[in-house]
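Per-entry structural report
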Amino acid sequence: MEPEQTAALVRGAAAGDASAWEELVQTYAGLVWSVARAYRLGRADAEDVSQTTWERFARSLDKLTDPGHAGAWLSTTARRESLRVLAARNRTVPTGDLAWIGPAREDESPEEIAVAADEEGRRDALAGRLWQALNQLGDNCQRLLRVLMGQPPPSYADAAAALGVPIGYLGPTRRRCLEKLRKLADVSEPAEQGHDW
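Read on for a plain summary of the structure. (Residues numbered from 1 in each chain as written. Predicted model: local features only at pLDDT ≥ 70, side-chain atom pairs only at ≥ 80, totals over all residues. Heavy atoms only, no water.)

**Section: the overall build of the chain**
Threshold: By definition, any uninterrupted DSSP run of H or I lasting at least four residues is a helix, any uninterrupted run of E lasting at least two residues is a strand, and each is numbered from the N terminus. Type-normalised accessible area, obtained with a 1.4 Å probe on protein chains alone, sets the label of each residue: buried when under 20%, exposed when over 50%, and partly exposed for intermediate values. Whether two residues are in contact is decided by their heavy atoms: any pair within 4.5 Å suffices. Only the protein chains shown count as cover for residues, and all accessible areas are computed by the Shrake-Rupley method using a 1.4 Å probe.
Scanning the chain from N- to C-terminus turns up 8 helices and 0 strands. Helices (α) and strands (β) of the chain occur, in sequence order from the N terminus, as α-α-α-α-α-α-α-α. The burial tally for the chain puts 39% of its 197 residues in the buried class. Taking contacts inside the chain between residues at least 6 apart in sequence as the whole, the part at least 24 apart equals 64%. Total accessible area on the chain stands at roughly 11600 Å², and carbon and sulfur atoms take up 51% of it.

If you want it as structure tokens, here you go:
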């Protein structure tokens with residue numbers, strides 16, 4: 001979202017426009033959640049971080065010095081709150097919650113079901129290798145990749161704010177972390193040119 005659009009939504013939400021608030025939440029909820037999960041907080045702790053971040057944001061709407069960069073404000077607040085939760089609890093909880101499988105459709109043939117089951121097994125095996133490899137990476141790589149995997153994907157400015165690093169750090173570090181991840185998971189380089197891995 002463009003900074004001008006974000007600033008307009010922040011001003012609208014500060015004035016009591018519920019639809020502006022909803023759009024802000026819809027736009028940035030994934031980012032806030034991914035920042036909390038990047039610090040390997042469990043679901044309950046990540047929900048607490050998200051709720052606290054949004055509460056602080058709501059109280060600060062009319063005090064933001066740069067409302068166009070609300071995503072960076074939310075990222076930074078979520079990062080600080082995540083660190084506070086970790087320090088208070090002095091623990092981390094590994095995550096690996098992948099829900100890949102949905103029910104089969106009734107109109108699928110036995111062959112389609114068998115092929116789907118085979119593909120599902122391969123996906124599960126790959127996902128397992130990737131999660132194991134991700135957990136073997138250093139903390140910095142894990143945080144960076146978890147934040148960048150947020151849905152919707154955060155802008156580099158928001159991701160940099162979430163991680164407390166300069167924007168120019170993200171691209172090269174992301175590339176190095178993904179190379180390490182591929183090697184650890186024994187995954188070959190994507191064949192497609194221009195694939196944004």
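Text resumes after the structure shown.
**Some points on the nonpolar core**
General note: in soluble globular proteins, nonpolar side chains tend to be found buried as a group. Which entries qualify depends on this criterion: Among the buried residues, those of types Ala, Val, Leu, Ile, Met, Phe, Trp, Tyr and Cys that are joined through side-chain atoms within 4.5 Å form a nonpolar core.
Of all hydrophobic cores here, the largest spans 42 residues; its most connected members are L41, F57 and L145. Broken down by secondary-structure element, the contributors of at least two residues to this core are α1 (3-14), α2 (18-38), α3 (43-60), α4 (70-89), α5 (110-136), α6 (139-148), α7 (156-163) and α8 (167-185). A per-element tally of this core places α2 first, with 8 residues. Ignoring anything within four residues of it in the chain, the contact list for F57 reads V10, W21, L24, L64, A70, W73 and L74.

**Let's talk about the packing of aromatic side chains**
Using the following cut-off: Any two of the Phe, Tyr and Trp rings considered here, Trp counted by its six-membered ring, make a pair once their centres fall within 6.5 Å; the pair's planes then place it as stacked at under 30 degrees, edge-to-face at over 60, or tilted in between.
Scanning all chains against the criterion turns up 4 aromatic pairs. Seen from their ring centres, F57 and W73 are 5.5 Å apart, and the 50° between their planes marks the pair as tilted. Of this pair, F57 sits in helix α3 while W73 sits in helix α4, placing them 16 residues apart in sequence. Using a relative accessible area of 0% as the deciding quantity, one classes F57 as buried.

**Focus: the pattern of salt bridges**
Here is the rule: One speaks of a salt bridge when a side-chain nitrogen belonging to Lys or Arg is within 4 Å of a carboxyl oxygen belonging to Asp or Glu.
Evaluated as defined, the whole model comprises 3 salt bridges. Among the ionic pairs, R40 bridges to D139, the shortest N-O distance being 2.5 Å. Residue R40 is found in the loop between α2 and α3, and its partner D139 is found in helix α6; the two are separated by 99 residues along the sequence. Judged by its relative accessible area of 19%, R40 is buried. As a salt-bridge pair, R56 and E81 come within 3.2 Å of each other at their nearest N and O atoms. Taken as a pair, R56 in helix α3 and E81 in helix α4 lie far apart in primary sequence, 25 residues in all.

**Quick notes on the side chain of Q142**
Selection criterion: Pairs of N or O atoms are called polar contacts if they sit within 3.5 Å, as long as, within protein, a hydrogen donor faces a hydrogen acceptor (for residues adjacent in sequence, only side-chain-to-side-chain pairs).
Within the element layout of this structure, Q142 appears in helix α6. At 3.2 Å, the side chain of Q142 and the backbone oxygen of L134 are in polar contact. In contact with Q142, other than residues within four places in its own chain, are R40, L134, N135, Q136 and L137.

**Concerning the state of the cysteines**
Rule in force here: Throughout, disulfides are identified as pairs of cysteine sulfur atoms within 2.5 Å of each other.
Under the defined criterion, the tally for this structure stands at 1 disulfide. Covalently, C141 is tied to C177 through a disulfide, its sulfur atoms 2.0 Å apart. Between C141 and C177, the S-S dihedral sits near -80°, and the bridge is therefore left-handed. Placement of C141 in helix α6 and of C177 in helix α8 is noted, with a sequence separation of 36 residues between them. The pair C141 / C177 is uniform in exposure class, with both members buried.

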